[in-house]
Amino acid sequence: MRRFALAIGIIGAIAFAAGAQTRPDEARVFAVPGPTIAAAPSTPPASKEQPSKENGATRESTGVASDPKPQEPPVAAKTIFGAAATPASLAARSIGFYSRGCLAGAVAIPTDGETWQVMRLSRNRNWGHPKLVAMVKRLAGEVAAKDGWQGLLVGDISQPRGGPMLTGHASHQIGLDADIWLTPMPNRRLTPAEREALSATSMLGKDGIHADPQVFTPYHAALIRRAASYDEVERVLVHPGIKKAMCEEKGVDRTHFHKIRPYWGHHYHMHIRIACPPDSVGCRPQPPAGPEDGCGKEVDDWIALLQRPPKVAQPGAKPSPPPKPVTLADLPPECRLVVEADGDDGRDHKPGKPQDARGATSR
C-alpha cells in the first residue's frame, strides 16, 4: 500500500509539472506584454482527505495533483495592433471586414499636402490602402479647385496595420474608411499642437437633431455629394440631420444620394467608405446601398428616432456586462502574418516584389 501511494504521488507531481508548461502567446510581437501563466507550486497541494496514522506518525494521504491555476485571458487585438508603429512590409491588401480585419502594405497620406492637413497626429491613424489614400488626395484637390474649399482636414483613416483600435472606432480596420472633417482647412499650416487641440465644428443646431443652416452650407453639401459621386465610394455616412438638409436642398443632382447614408453621430465629419479593391483577396464587401435616394420615409424615420425621449433605466436593473474583447484569434488567420511581418515606413518602398500577405495560413 505504501509503494502504491508513493507511485501515485510521483505520477501526480509529473502531471502537475507538465500542466505548468507555457505556450507561445500571440502578443509577443511589438513588445506587447503577453498574458502571464501562474507558476505551479513546488509541491502538489495536499489532498482533502483526512490524515491517517501509521506506526504512531501522522501523514497526509497522497492523491493526484489538481489542475494548475487557469490562464489569464489572451491579450486584446486592439492592444497588439495599437502598438504597431509601422505598416507590414507586404503587398497591399485589405483583409476581412470593415469592422473585423487588418491591413497589409498600408501607405500613409502625408501629414501636409497642398489641399489637405492631417489632424490628431499623435494617434498615428493616417494609414490606408493605397486606393483609399489616392481617393482622399483626389477629393481634396477637386473640392479646392471646383467647390470653393481651401482644402480638407483629414481625420482618422486606419492604424499602420489596421485592426481594432484602442479608442474610437469599430470600423476603420482594413484601410478602406476615412473620416473627413466638415470644418474647412484654414489658409495656413496648423501646428502639431493645434492639430491635437482644435475641435471640429458640429453642423447641428440647438436641438441637436437638425442641421443649422448658418453652419451647414451649400459648400458642405457639395463636398459630400462629390465624395459620393466617386465610383469606388460605396457609402458616405453623415448625421440624419445633415441628410435631411441635403434632401431639402433645391435644384441639386440626387444621382448618388443613395450612397449618402444617415447614421448616429457624424455631425462633425463625414465617414467615407470605399469598396473592397479587386486585388484584396479575402476582403469581405458590405451589401451595396439600395437605389432609393433615402429622402422620404427613411430619413424621416431617423429624425423621429432621434426625437424620442431617452430610455430611463429601471431601478435595480443590472448593467449589461462589458463585451468580450476581440482577440487575434477572432480575426482572419492572415492577420497573424500581418502582425508578425517586418515593418516598413509606408512611404518609400524599395524596388522589387513585396511578400504576399496570404502565406500558408490563407484559406
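Residues numbered from 1 in each chain as written. Predicted model: local features only at pLDDT ≥ 70, side-chain atom pairs only at ≥ 80, totals over all residues. Heavy atoms only, no water.

K.L.:
Quick question: what am I supposed to make of the overall build of the chain here?
P.N.:
Within the chain one finds eight helices and 13 strands. A buried classification covers 42% of the 363 residues belonging to the chain. Sequence-distant contacts in the chain: of pairs separated by 6 or more residues, those separated by 24 or more amount to 78%. If you sum the accessible surface of the chain, you get close to 20,100 Å²; carbon and sulfur atoms cover 56% of it. (Helix = DSSP H or I, 4+ residues; strand = E, 2+ residues; numbered from the N terminus. Buried < 20%, exposed > 50% of the residue type's maximum accessible area, 1.4 Å probe, protein only. Contact = heavy atoms within 4.5 Å. Areas by Shrake-Rupley, 256 points an atom, 1.4 Å probe, with all protein chains shown as cover.)

K.L.:
Hey, could you run me through the nonpolar core in this one?
P.N.:
For soluble globular proteins, nonpolar side chains are generally found buried alongside one another. If you look at the biggest cluster of nonpolar residues, it comprises 45 residues, and the most contacted ones within it are Leu-139, Ile-224 and Met-270. For this core, the secondary-structure elements that each account for two or more residues are strand E7 (116-118), helix H3 (130-146), strand E9 (152-154), strand E10 (177-181), helix H5 (218-229), strand E11 (233-238), helix H6 (240-248) and strand E13 (269-274). Tallying contributions element by element places H3 first for this core, with seven residues. In this structure, Ile-224 is in contact with Leu-182, Phe-216, Val-236, Val-238, Ile-242, Met-246, Ile-260 and Met-270, ignoring residues within four places of it in sequence. (Core = buried A, V, L, I, M, F, W, Y, C linked by side-chain atoms within 4.5 Å.)

K.L.:
Would you mind going over the environment of Pro-130 with me for this structure?
P.N.:
One can find Pro-130 in helix H3. Taking the relative accessible area as the measure of exposure, Pro-130 reaches 31% and is therefore partly exposed. Separated by 22 residues in the primary sequence, Pro-130 and Ala-108 have C-alpha atoms spaced 8.3 Å apart. Excluding anything up to four places from it in sequence, Pro-130 contacts Ala-92, Gly-105 and Val-107.

K.L.:
Explain the packing of H6 against helix H7 (residues 297-307) here, please?
P.N.:
Relative orientation and spacing of two packed helices are given, respectively, by the angle between their axes and the distance between those axes. Running from N to C, H6 and H7 cross one another at 140°; their axes reach a closest spacing of 9 Å. Comparing their axes, H7 and H6 come out oblique. The way H6 lies across H7 gives a crossing that is left-handed. Facing Pro-240, Gly-241, Lys-243 and Lys-244 of H6, the residues of H7 in contact are Val-299, Asp-300, Trp-302, Ile-303 and Leu-306. Taken together, the residues of the contact of H6 with H7 break down into five nonpolar, one polar and three charged. (Axes fitted to C-alpha atoms, helices over the stretch in contact; angles between N-to-C directions. Parallel < 35°, antiparallel > 145°, perpendicular 65-115°, else oblique. Left-handed = near helix turned anticlockwise from the far one by under 90°. Nonpolar A, V, L, I, M, F, W, Y, C, P; charged D, E, K, R; others polar.)

K.L.:
Quick question: what am I supposed to make of the state of the cysteines here?
P.N.:
A covalent bond bridging the sulfur atoms of two cysteines is what the word disulfide describes. Applying the stated criterion across every chain, the model contains three disulfides. A disulfide bridge connects Cys-247 with Cys-295, and the sulfur atoms are separated by 2.1 Å. Where Cys-247 bonds to Cys-295 through sulfur, the torsion about that S-S bond is close to -80°, and the disulfide is left-handed. Of this pair, Cys-247 sits in helix H6 while Cys-295 sits in the loop between E13 and H7, and the two are 48 residues apart along the sequence. Take Cys-247 and Cys-295: they sit in the same class, and that class is buried. Paired through a disulfide, Cys-276 and Cys-283 show a sulfur-sulfur distance of 2.1 Å. What sets the handedness of the Cys-276 and Cys-283 disulfide is the S-S torsion sign, and at about -70° it is left-handed. Taken N- to C-terminal, the disulfide-bonded cysteines of the chain are connected 1-6, 2-5, 3-4. (Disulfide = S-S within 2.5 Å.)

K.L.:
What is the right way to look at the packing of H3 against H5 in this model?
P.N.:
Between H3 and H5, whose axes approach to 11 Å, the crossing angle comes to 135°. If you check the angle between H3 and H5, you find them oblique. Considering how the two elements wind past one another, H3 and H5 form a crossing that is right-handed. Within the contact between the two elements, H3 uses Leu-139, Glu-142, Val-143 and Lys-146 and H5 uses Leu-223, Arg-226 and Ala-227. Classifying every residue of the contact of H3 with H5 gives four nonpolar, no polar and three charged.

K.L.:
For this particular structure, what's the right way to read the confidence of the model for the chain?
P.N.:
Segments scoring low in pLDDT should not have their predicted coordinates read at a detailed level. Taken as a whole, the chain shows an average pLDDT of 82; of its residues, 75% reach a score of 70 or greater. Per-residue pLDDT stays below 50 along residues 348-363; that stretch engages in 24 contacts with residues further than four places along the chain or on separate chains. (pLDDT = per-residue confidence, 0-100.)

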